[in-house]
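# A closer look at the structure
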Amino acid sequence: MDHFTYINGQLHAEDVALERIAKEVGTPFYCYSTATIARHYQVFAEGFKDIKATICFAVKANSNLAVLKTLANLGSGADCVSMGEIMRALKVGIKADKIVFSGVGKTRAELKYALEAGIMQFNVESEPELNALNEVAIELGSTAPIAFRVNPDIDAGSHDKISTGRKGDKFGIQWEKAHEMYEIASNMEGIDVQGVSIHIGSQLSDLNPFERAFEKVAGLVRSLKEAGHDIKRLDLGGGLGIPYNSEEIPHPAEYAKMTIAATKGLDCELVFEPGRLIVGNAGVLVTAAIYEKYTSDRKFLIVDAAMNDLIRPTLYDAHHEIVAVKEGDPAKRPVDIVGPICETGDIFAKRRLLPQVREGDLLAIRSAGAYGAVQSSGYNSRPIIPEVLVNGSEYAIVRRRETYAEMLGKDQIPEWL
Ligand SMILES: *Cc1c(COP(=O)(O)O)cnc(C)c1O
């Protein structure tokens, strides 16, 4: 469910025509819907209203300050994977005691910053990280609240590059080592053991891997408690998918029901780290057609957005729905929609059915709110594109387009040249 609909033949974000934004902002640009972000957050939160749960939005999915502020106002916490993300979360008013710090490679500088900020929980992923955190905490004369991220060895069944809970993946503490690590940590002066965490992957379209992982980790919580560890928090990660195409995705209410059943009787606060689910369908990438190009067996539609703006199709073979912003001709024909970048992989879609599109006509690449703008780069010396947030009949530019002066100004030519 989202708020991108046709009104009088024109695709709108809530009450604002995308064509109007395109005229004022230029293309390409990302456009987000406040109502969709809020709805997704609330639907997810609703499932856990009867239990003690904290929702920490996974900032890496969309870290625009206006998006984060929208979520902060709804009561969301933040799951951060870098010092920069923690800064963003704090900047929009998310309280430190609702911030989780994840990631396999937190540096000492980042650990120190997070500890001084007073975050809720460090999700520790290795023994060297535990040692570093202990040392940093002792130096600061404080103690770090931790959960170990354990690797449950469960295949999320989604794309290889976004499955994170299998034995060979770089994430988490090996399952068999968990008890030993909790024992070591509980004897450290700078460490306060508080929880257990997992995150098995992203874009899951099936509850089954979640259920197996949650039941497995619930067993671990019980045995850790029996061994005398005070486990008061269980962080179950993110990962619930969204329908990019025609996938059947379980409703968040079903996910909540299953989760509550799988963790029943643990007497733990639950933490969730949804990212994609909250913002994925709350964003579109609006792009204009540059040329149509015909070869003997193909029609290419070359658009002004490219893989540097949205890399998901190239990186994950991801499917994104692509629609004409102006409802056109019902007669559709197959085209390959490609960007201008000098890479064969710069393709948004192959053999997609679209009405006749002319130079300058606008297209919307849907479901681009998560892992879109955040993964953009300046490859091919293309300026980073703007982000716009719509709220009812208003909109605001929440990140302006990078200028050529800014782009060139970052480089420096050494004196000897
Ligand atoms: C990426 C990530 C998430 C969010 O995943 P989604 O699929 O966007 O919900 C949550 N937790 C951790 C540790 C992550 O790395």
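Since the model is a prediction, treat every value here as computed from it, not as a measurement.

This next bit is on the pattern of salt bridges. Under the definition given, this model contains 17 salt bridges. One salt bridge connects Arg 366 with Asp 2, and the closest N-O pair in it is separated by 2.7 Å. One end of the pair, Arg 366, is in the loop between strand 19 (362–365) and strand 20 (387–391); the other, Asp 2, is in the segment before strand 1 (4–7), and 364 residues separate them in sequence. With relative accessibility at 18%, the residue Arg 366 sits in the buried group. Ionic contacts of the salt-bridge type, sharing partners, join the residues Lys 52, Arg 233 and Glu 269 into one network.

A separate point is the domain arrangement of the protein. Taken domain by domain, the protein consists of domain 1 (4–32 + 280–409) and domain 2 (34–276). Taken together, the 23 residues of domain 1 in the interface contact 22 residues of domain 2. When the two sides are added together, the surface that domain 1 and domain 2 hide from each other amounts to roughly 2000 Å², 53% of it contributed by carbon and sulfur. Of all residues in domain 1, Asn 281, Tyr 316 and Tyr 371 bury the most surface against domain 2, accounting for 27% of the area lost on that side. Our count for the contact surface shared by domain 1 and domain 2 stands at 0 salt bridges. Taken together, the links from domain 1 to domain 2 amount to 10 residue pairs in polar contact (both at pLDDT 80 or more). Within the residue set of the side of domain 1 that touches domain 2, elements represented by two or more residues are helix 11 (312–316), strand 20 and strand 21 (394–399).

Another aspect to go through is the sheet that holds strand 2 (residues 10–13). The strand order 1-2-3 describes an open sheet built from 3 strands, whose pairing is antiparallel. This sheet does not close on itself; its edge strands, each paired only once, are strand 1 and strand 3 (16–17). Judged from the 2 bridges that link them, strand 2 and strand 3 form a sheet pairing that is antiparallel. Residue pairing in the sheet places Ala 13 in a bridge with Val 16 of strand 3.

For the rest of this paragraph, the subject is the side chain of Asn 281. Position of Asn 281 relative to the elements: it lies in the loop between helix 10 (276–279) and strand 14 (283–294). By relative accessible area, which is 10% here, Asn 281 ends up buried. Within polar-contact distance, the side chain of Asn 281 engages the side chain of Ser 367 at 2.7 Å. Filtering out sequence-adjacent residues up to four positions away, Asn 281 remains in contact with Asp 2, Phe 4, Thr 36, His 40, Ile 242, Pro 243 and Ser 367.

The next point concerns empty space enclosed by the protein. The tally for this structure, following the rule as stated, stands at 1 cavity of 30 Å³ or more. In this structure, the largest cavity spans a volume of roughly 40 Å³. Around the largest cavity, the lining residues are Phe 44, Gly 237, Gly 238, Gly 239, Leu 240, Tyr 255, Phe 272, Glu 273, Pro 274 and Leu 277. The residue inventory of the lining of the largest cavity, partitioned by class, reads 6 nonpolar, 3 polar and 1 charged.

The next thing to look at is the layout of surface pockets. Roughly 660 Å³ of volume is contained in the largest pocket. Around the largest pocket, the lining is made up of 37 residues, and of these Lys 60, Val 81, Thr 164, Phe 171 and His 199 lie nearest the centre. The element contributing the most residues to the lining of the largest pocket is helix 11, with 3 residues. Among the residues forming the lining of the largest pocket, the class breakdown is 12 nonpolar, 14 polar and 11 charged. Among the domains, domain 1 (4–32 + 280–409) and domain 2 (34–276) are the pair contributing at least three residues each to the lining of the largest pocket. Taken as a whole, the second largest pocket encloses approximately 390 Å³ of empty space. When residues in the lining of the second largest pocket are grouped by element, the largest group, 3 residues, is from helix 2 (residues 34–46). Class assignment of the residues belonging to the lining of the second largest pocket gives a composition of 11 nonpolar, 6 polar and 4 charged. Looking at which domains feed residues into the lining of the second largest pocket, each of domain 1 (4–32 + 280–409) and domain 2 (34–276) supplies at least three.

A separate point is the site of the ligand. Close contacts around the ligand come from 14 residues, with Lys 60, Ser 202, Glu 273, Arg 276 and Tyr 371 the closest. In this structure, Tyr 371 approaches the ligand through a side-chain N or O atom, which is 2.5 Å from an oxygen atom. Relative to its unbound accessible surface of 390 Å², the ligand loses 93% to contact with the protein. If you map the ligand onto the pockets, it falls in the largest pocket. Classifying every residue of the shell around the ligand by side-chain character gives 3 nonpolar, 6 polar and 5 charged.

Criteria and cut-off values
Residues numbered from 1 in each chain as written. Predicted model: local features only at pLDDT ≥ 70, side-chain atom pairs only at ≥ 80, totals over all residues. Heavy atoms only, no water. Salt bridge = Lys/Arg side-chain N within 4 Å of Asp/Glu carboxyl O. Helix = DSSP H or I, 4+ residues; strand = E, 2+ residues; numbered from the N terminus. Buried < 20%, exposed > 50% of the residue type's maximum accessible area, 1.4 Å probe, protein only. Domains from an automatic or database assignment. Contact = heavy atoms within 4.5 Å. Buried area = accessible area lost by both parts, 1.4 Å probe. Polar contact = N/O pair within 3.5 Å; in protein donor to acceptor, adjacent residues only side chain to side chain. Pairing = 2+ DSSP bridges. 1 Å grid on protein atoms, 1.4 Å probe; cavity = no way out; pocket = protein on both sides within 12 Å on 5 of 7 lines; lining within 4 Å. Points joined across faces, edges and corners; volume = space filled by probe spheres on them. Nonpolar A, V, L, I, M, F, W, Y, C, P; charged D, E, K, R; others polar. Near = heavy atom within 4 Å. Areas by Shrake-Rupley, 256 points an atom, 1.4 Å probe, with all protein chains shown as cover. Sits in = over half its atoms within 2 Å of the grid points.

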